[in-house]
Amino acid sequence: MFRLLIDADSFPLGKGPMVMLILFLISTIFIFARSEEQGQKLEFWIFANTHFEEYQTRVPIFEAENPGVNVQLINFGGTMHDKLLAAMLSNFGAPDLVEVEITSIGRFLKGAIDEVGFVDLRPRLESEGWMEKLVVSRFTPWSYRGRIYGIPHDLHPVVLLYRDDLFKAAGVEMTEVETWDDFIAAGKKATRDLDGDGTVDQHAIVLDRRTESDYFSLLLQQGGGFFDEEGNVIIDSELAIETLEFFVSLFNEHKIATPVYGTWHGDPSNFAAMQDGKILSILAPDWYVGILKSQVPQMAGKWKAISMPAWKPGDRRTTTRGGTMIGITTQCKNPDRAWELLKFTYFDRGGLVNRYETTRIIPPLKSAWDAPIFKEPDLYLGGQPLGELFIELAPDLPPRYQNPYWSEGADLLNDAIFAAVTEKQTSREALTELAAKVRALIAKDQGRWRDL
Amino acid sequence: MRTKPRSSRFWHQQQKIAPYLFIAPFYLLFVLFMGYPLLSSLVMSLYEMRGFQSRVFVGIGNFTDLFRDPIFWKSLRNTAYFAIGTLTLQLPIALLLAILLNSKFVKGKNVLRLAFFAPVLVAGVFVAIIFNLVYDQRAGLINQELILFGREIGWLNEENYVMPAVILTGVWQWAGFNMIYFLAGLQGIRQELYEAAAVDGANWWQAFLHVTLPSLRPVIAFVFVVSMIGSLQLFDLPYILTNGGEPADAGSTIVMYLYKNGFQFMRLGYAATIGWVLFFIIAVISIVQLKLLGIFRDE
């Protein structure tokens, strides 16, 4: 008969605790034994619901094509970046693959180059010839010190979305607008007090003066930025100051802009103002059009789109806003397998067409652009083929250089923009002070770590 | 029997160690999840991290930096503003509601108690989302009324109104919760005290001043201290309501600034420093409050 190796009677505290201890030991052995076979398991963290839904349909196909591989998709929503940071700090528990949002990546790039928690993908991209197949400028947000830590999920070109009916009612044909000067002239006609009570009822454009989103988009359009390619602070350049002066003038001098209703462009109040005809235009990246369609479907047919007005005739007529990358973490036990999944989710033409169908996001893979779906009329825009416009603009996207100090810089930039628009400081004062603060922050860190 | 001496020895030993084993789980968990992190964060506040691995000793550098940091002072001012607003607005309202619900003349007490308490059951994030709509400058509930009087306030868009908006939201959410404490305290006051006061010729106000308030002192002290600590730890409500403290850090609080430094800027040493400064502020204020409210007095 079966006999316990340990005499239960002589075990301190009796049989119950002994059984619990044995179960604890068995389960511990089981857990550690299982972790050995994780080479075939891929964990993939996501923060965006729409991406998660897309991968839920795509991943089973990958698993079927790669027998024995099990992909675990985990959607942590908005808290994902904090969880990833904790996992990288503790050097334990990070996923194999992860998507990271553009304003969050900077914090992961701090420290020595070998401390970054993402695998450098440049060798794989170059050896397999992917660099030429994608929009090169879209690697800049995910690159630092010569390494590429992520593959762009998107391009996010920006267009000017406008209310054709209301501009026409004001006697303005928006398709004739080519430059920002043209837009100001058109905006002055369209910004009106309709009931004569002394309050403006409709503004030509809605802009966010609380955060950097609109101002920074305008700055990027001109080829400017917060940091240059070498990591130098350039937010106090003449270009940046002139752009902020222009931004401020839309509110205070030309009086054609209204601050965003609520706290950001996706605020329900902002959508309500759009429906009420208080907002006549908005700078809209591709993803924002997707949000509009889902949040205010009743506005179908009321919007039209044109390329952004240029600063000078012939200049760039788009910019970029937002973005996501996919990266392989340095904790990944099987980077080759992870790379295969990455390519399957990001470089597969069929999958990217499907992504556009559900999210309206234009893919960075150029060979996908000739798919018929991008030329289809968009009913939300009264039949205008919006995909075609986005793709026409895509090759001209400006670079957006990444930097570990972006988060600190952006936080201070928000304050500077608000100070300038509310005339507490001039644009020059606000940006000069901001640049000095960020330079001082970097200088202090460089003093602490001389090899930074 | 052969085993008897062994059992008896073991039983004797067990009697000695049993009490320690009973309290051991708490101490083990405390050391693991409180003691070690606390000590670790204190050490961390003397360092600054770079990336995920290396760090450099900066001594009290983080503390001196913090006291020169204008955003920290602004966050501290905002937090103090909220705490004072909470104590001067929310607690009297909570006490007033409790007195009303404790009076014989109010009907439907159970329904009212539930109605006043219900906002506590709503998660802070949802409260913030709801009040975002309430405070909307053009279409919000409050401004729709104010417009009738020719006034429109940018609750969340003008620096001066951001913290009042947060305070009012806090009142809506927490006044009912504190009301329950006061109500429990009121119901614990012996009726004989009021009868004795009436015999001495005290009117309602005098009975309130000389019977109700002194009897409620322990409850008031508890609510004061807990509300103050809660106010100093304010985070989720303004974070969502003001989209991260905007505009111009008008909605930034100490814990929000701590979070930003720790998780968004990856300045963990600096964030730990903010945490320790906050700890000292809370400790000092709580001790002063308890002292002023006479909780340390022997009676």
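Residues numbered from 1 in each chain as written. Chains lettered and ligands numbered in written order. Predicted model: local features only at pLDDT ≥ 70, side-chain atom pairs only at ≥ 80, totals over all residues. Heavy atoms only, no water.

Let's shift gears to the nonpolar core. Of all hydrophobic cores here, the largest spans 90 residues; its most connected members are Met 174, Tyr 215, Phe 226, Ile 235 and Leu 431 of chain A. No other element matches the twelve residues that helix α3 (residues 70-102) of chain B contributes to this core. Apart from residues lying up to four places away in sequence, Met 174 of chain A is in contact with Leu 160, Tyr 162, Phe 167, Phe 183, Ala 186 and Ile 306 of chain A. Counting 36 residues, the second-largest nonpolar core is a separate cluster that includes Val 260, Ile 279, Ile 373 and Leu 393 of chain A. (Core = buried A, V, L, I, M, F, W, Y, C linked by side-chain atoms within 4.5 Å. Buried < 20%, exposed > 50% of the residue type's maximum accessible area, 1.4 Å probe, protein only. Helix = DSSP H or I, 4+ residues; strand = E, 2+ residues; numbered from the N terminus. Contact = heavy atoms within 4.5 Å.)

Take the pairing of strand β2 (residues 70-75) of chain A next. Residue and element names in this part refer to chain A. As paired elements, strand β1 (residues 41-46) and β2 share six bridges and run parallel to each other. Looking at β2, one finds that Leu 42 is bridged to Val 71. Once the chain exits β1 it traverses helix α2 (residues 49-65) before rejoining the sheet at β2, and the crossover so formed is right-handed. (Pairing = 2+ DSSP bridges. Right-handed = clockwise from strand over helix to strand, strands pointing away.)

Moving on, we come to the pattern of salt bridges. Per the counting criterion, the structure on display carries 31 salt bridges over all chains. Between Arg 50 of chain B and Glu 115 of chain A there is a salt bridge, with the nearest N and O atoms lying 4.0 Å from each other. Here the residue Arg 50 of chain B occupies a position in strand β1 (residues 47-50), and Glu 115 of chain A occupies one in the loop between β3 (97-101) and α4 (122-127), the pair thus bridging two chains. When sorted by exposure, Arg 50 of chain B lands in the same class as Glu 115 of chain A, which is buried. A salt bridge links Arg 349 of chain A to Asp 370 of chain A, with the nearest nitrogen and oxygen atoms 2.5 Å apart. With Arg 349 of chain A in helix α12 (residues 349-359) and Asp 370 of chain A in the loop between α12 and α13 (386-393), the pair connects residues that are 21 residues apart, well separated along the chain. Through salt bridges with shared partners, a single ionic network connects Lys 110, Glu 408 and Asp 445 of chain A together with Arg 267 of chain B. (Salt bridge = Lys/Arg side-chain N within 4 Å of Asp/Glu carboxyl O.)

This next bit is on the sheet that holds β2 of chain A. Residues and elements named next belong to chain A. Pairing within the open sheet is mixed, and its five strands lie in the order β2-β1-β3-β12-β6. Pairing within the sheet leaves two strands with one partner each, and these edge strands are β2 and β6 (151-152). As paired strands, β1 and β3 are joined by two bridges and run parallel to one another. Paired with Phe 44 across the two strands is Leu 97, which belongs to β3. The sheet contacts of α2 involve β1, β2, β3 and β12 (324-328), and relative to β2 the element is tilted by about 175°. Set on the sheet, helix α3 (residues 80-89) makes contact with β1 and β3; between it and β3 the angle comes to about 125°. (Axes fitted to C-alpha atoms, helices over the stretch in contact; angles between N-to-C directions.)

Let's shift gears to the side chain of Lys 260 of chain B. With respect to the helices, strands and loops of the structure, Lys 260 of chain B is situated in helix α11 (residues 254-264). What Lys 260 of chain B contacts, discounting residues up to four positions off in sequence, is Asp 411 of chain A together with Gly 244, Asp 249 and Phe 265 of chain B.

Residue and element names in this part refer to chain A. Entries for chain A in the domain assignment read domain 1 (38-156 + 322-386) and domain 2 (158-320 + 399-448). Placing the centre of domain 1 and that of domain 2 at their C-alpha centroids yields a distance of 28 Å. On the domain 2 side, the residues contacting the 27 residues of domain 1 number 30 residues. A buried area of about 2300 Å², summed over both sides, lies between domain 1 and domain 2, and 55% of it is on carbon and sulfur atoms. It is Lys 110, His 156 and Tyr 380 in domain 1 that bury the most area against domain 2; as a group they hold 32% of the surface buried on that side. Taken together, the connections running from domain 1 to domain 2 amount to two salt bridges. As a salt-bridge pair, Lys 110 and Glu 408 come within 2.6 Å of each other at their nearest N and O atoms. Across the side of domain 1 that touches domain 2, the residue classes tally to twelve nonpolar, ten polar and five charged. (Domains from an automatic or database assignment. Buried area = accessible area lost by both parts, 1.4 Å probe. Nonpolar A, V, L, I, M, F, W, Y, C, P; charged D, E, K, R; others polar.)

For the rest of this paragraph, the subject is the sheet that holds strand β10 (residues 281-285) of chain A. In a beta sheet, neighbouring strands are held together by backbone hydrogen bonds and run either parallel or antiparallel to one another. Residues and elements named next belong to chain A. Ordered in space as β10-β7-β11, the three strands form an open sheet in which the pairing is antiparallel. Every interior strand has two partners, whereas the edge strands, β10 and β11 (303-307), have only one. Each strand axis lies, on average, 35° off the axis of its neighbour in the sheet, ignoring direction. By the bridge criterion, five bridges tie strand β7 (residues 158-163) to β11 in an arrangement that is antiparallel. Paired with Val 159 across the strands is Ser 307, a residue of β11.

Residues and elements named next belong to chain A. Two elements in contact, α2 and helix α11 (residues 335-346), have axes whose closest approach is 10 Å; the angle formed by their N-to-C orientations is 130°. Taken together, the axes of α2 and α11 are oblique relative to one another. Remark: the crossing between α2 and α11 carries right-handed chirality. Residue-level inspection shows Glu 54, Tyr 55, Arg 58, Ile 61, Phe 62 and Glu 65 of α2 in contact with α11, the latter providing Arg 337, Glu 340, Leu 341, Phe 344, Thr 345 and Tyr 346. In terms of residue class, the contact of α2 with α11 is built from six nonpolar, one polar and five charged. (Parallel < 35°, antiparallel > 145°, perpendicular 65-115°, else oblique. Left-handed = near helix turned anticlockwise from the far one by under 90°.)

So, on to unusual backbone geometry. Phi is mostly negative for residues that are not glycine, and the peptide bonds are mostly trans. A cis amide bond, omega 0°, links Glu 246 of chain B with the succeeding residue Pro 247 of chain B. Examined against the element boundaries, Pro 247 of chain B turns out to sit in the loop between α10 (236-241) and α11. At Arg 360 of chain A, a residue that is not glycine, the phi angle is positive and equals roughly 70°. Examined against the element boundaries, Arg 360 of chain A turns out to sit in the loop between α12 and α13. The buried category is assigned to Arg 360 of chain A, whose relative accessible area is 18%. Of note, Asp 249 of chain B is a non-glycine position whose phi angle comes to about 60°, a positive value. Along the polypeptide, Asp 249 of chain B turns up in the loop between α10 and α11.

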